[in-house]
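Take a look at the letters that make up each chain.
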Amino acid sequence: MTRFWKFYLASYQGLTQPVWMLSLIMLINRSGAMVIPFLGVYMTRALQFSLTETGTVLSCFGIGAMCGSWVGGWLSDRFDHFYIQLLSLLLCVPIFCLLPLLKEPLLLSAGVFTLSLISETFRPANSVALAHYTKPENITKAFSLNRMAVNLGFSVGPALGGFLAAFSYNLLFFGNALSCAIAALVFFFYFRSRKGEQHETRNSRAAHSELKGISPWKDGYFLVFTLLCCFYAICFFQLLSTLPLFYREAHRLNEWSIGLILGFSGLVVFLLEMLLVHIAEKRLSTTAVIVTGTVLCGLSFLMLLIPGGQIVLYASIFVLCISEILAMPFMSTVAMQRSTADTRGAYMGMNSLAFSVAYVLSPYLGTRIAHNWGFDILWLLTGLVICLTAPGFSWVIRRMKM
């Protein structure tokens, strides 16, 4: 047991205090992440939107996220990441407070688009900040710690959100606004005079190659990699759109029970991410880790075809958590290592863009497939997409020689 804890603690070594603080701020922010997991349920139950209207509004969140990712990457290569992150957090506060007033699909779509546009601008700037305060050899750990904070917050947010939704859905929006305000204050007072040291995060081969300084839009292999990340994310983000609806409609779970399952997923990632990433870094190649994580994503959704109660649901989301742990930090690492100091924001923005496009397509496609053909067909198609995506990752990462 002592050896285990020594090994576990070793997975955190090399991380600087600013990286820990960035993760703490992310934890505070995501602990209030109550709106997005319940947005689909809120629209169908409280606002009486149809399933297709719900999917359209959720897709507007993705369109805003897609635009925000591009804007965030563009801004991060031109302005201080401190101001971009601070303004993103502060501007989210009034928007969350206004959303409960929007009762029509068109108005709510516009509000959700604006929210995601501003909130997703934060992500590329945050990734650049992590690189700013982290040595190259610890960059995957830094991304993992940051995501671990996200998932710990995500284990608190949905569980608390399910509790608050039992009283009033409006409390979800105000709770999210409060968490953004607290995160902004902590961020400002800690980082306002904090300086870091820029590190070149690419290996010596890539740093002196013909790709140095190239735009990610002209990097053919990276474009293919980004497309595959998008396919993976389309499948994974059923977690935030159709999966809660599946729990509600197919298994008749209430908001509290849905919140507990989603909270369980965040807790699993919080407990296991740093340990599994530490092991994967030492024993597996980047290609093997991402491919394994991708395969597990498809398996988790195919498990939903198995007859059973909540045991199957918890087992499925556990496998999905392991997929997330293995795939996502290393996808970010590939993007960071592929970039140079002057294109870091653009590459991280492109990486965020892949997931933002998935925010658009995932709810749009998922809700329509479920509505027209049922959830079983949706899970089968998800597994099929993953079967094509996994070997694609193997091919393109080897070509990039990461």
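Conventions adopted
Residues numbered from 1 in each chain as written. Predicted model: local features only at pLDDT ≥ 70, side-chain atom pairs only at ≥ 80, totals over all residues. Heavy atoms only, no water. Axes fitted to C-alpha atoms, helices over the stretch in contact; angles between N-to-C directions. Helix = DSSP H or I, 4+ residues; strand = E, 2+ residues; numbered from the N terminus. Parallel < 35°, antiparallel > 145°, perpendicular 65-115°, else oblique. Left-handed = near helix turned anticlockwise from the far one by under 90°. Contact = heavy atoms within 4.5 Å. Nonpolar A, V, L, I, M, F, W, Y, C, P; charged D, E, K, R; others polar. Patch = residues over 30% accessible without salt bridge, like charges linked within 9 Å, V, L, I, M, F, W, Y side chains within 5 Å. Areas by Shrake-Rupley, 256 points an atom, 1.4 Å probe, with all protein chains shown as cover. Salt bridge = Lys/Arg side-chain N within 4 Å of Asp/Glu carboxyl O. Buried < 20%, exposed > 50% of the residue type's maximum accessible area, 1.4 Å probe, protein only. pLDDT = per-residue confidence, 0-100. Expected span 1.5 Å × (residues − 1). Phe/Tyr/Trp six-rings, centres within 6.5 Å; stacked < 30°, edge-to-face > 60°.

**Concerning the packing of helix 10 (residues 220-236) against helix 13 (residues 286-302)**
Their axes nearest at 10 Å, the elements helix 10 and helix 13 cross at an angle of 30°. Compared by their axis directions, helix 10 and helix 13 come out roughly parallel. Remark: the crossing between helix 10 and helix 13 carries left-handed chirality. Contacts from Phe225, Tyr232, Cys235 and Phe236 of helix 10 reach helix 13 at Ile290, Gly293, Thr294, Cys297 and Phe301. Looking at the contact of helix 10 with helix 13 residue by residue, the class counts come to seven nonpolar, two polar and no charged.

**A word on a nonpolar patch on the surface**
Together, Val156, Leu160, Phe163, Phe167, Leu171, Phe174, Trp256 and Leu260 give the surface a local cluster of nonpolar side chains, amounting to about 740 Å² of exposed area. Element by element, the count of residues in the nonpolar patch is highest for helix 7 (residues 139-165), at three residues. Position of Leu160 relative to the elements: it lies in helix 7. Judged by relative accessible area, Leu160 falls into the partly exposed class, the value being 35%.

**Quick notes on the pattern of salt bridges**
The tally for this structure, following the rule as stated, stands at one salt bridge. Measuring nitrogen to oxygen at the nearest pair gives 2.8 Å for the salt bridge that ties Arg338 to Asp219. Here Asp219 lies in the loop between helix 9 (204-207) and helix 10 and Arg338 lies in helix 14 (residues 310-338), a separation of 119 residues in the sequence. Neither residue differs from the other here; Arg338 and Asp219 are each classed as buried.

**Topic: the confidence of the model for the protein**
Per-residue pLDDT for the protein averages 80, and the proportion of residues at 70 or more is 87%. Within the model, the stretch residues 197-210 combines pLDDT values under 50 with 32 contacts to residues more than four positions away or in other chains.

**Quick look at the environment of Gly293**
One can find Gly293 in helix 13. The class of Gly293 is buried, set by a relative accessible area of 0%. Not counting chain neighbours up to four residues away, the residues in contact with Gly293 comprise Tyr232, Ser323, Leu326 and Ala327.

**Brief notes about helix 13**
Relative to the 24 Å expected for 17 residues at 1.5 Å per residue, helix 13 spans 25 Å between its end C-alpha atoms, a close match to the ideal helical length. Burial in helix 13 covers these residues: Thr287, Val289, Ile290, Gly293, Thr294, Leu296, Cys297, Gly298, Ser300 and Phe301.

**Comments concerning the packing of aromatic side chains**
Per the stated rule, a full pass over the model turns up 20 aromatic pairs. Their ring planes at 20° and their centres at 5.2 Å tell us that Phe82 and Phe187 sit as a pair that is stacked. Here Phe82 is found in helix 5 (residues 81-98), whereas its partner Phe187 is found in helix 8 (residues 170-191), with 105 residues between them in sequence. The two residues Phe82 and Phe187 agree in class, both being buried. Ring centres 5.7 Å apart and planes at 45° place the aromatic pair Tyr133 and Phe191 in the tilted group. Pair noted here: Tyr133 is in the loop between helix 6 (105-132) and helix 7 and Phe191 is in helix 8, with a separation of 58 residues, a long-range link. Pair check on accessibility: Tyr133 and Phe191 agree, each one buried. Through successive ring pairs, a cluster of aromatic residues spans Phe82, Tyr83, Tyr133, Phe187, Phe188, Phe189, Tyr190 and Phe191.

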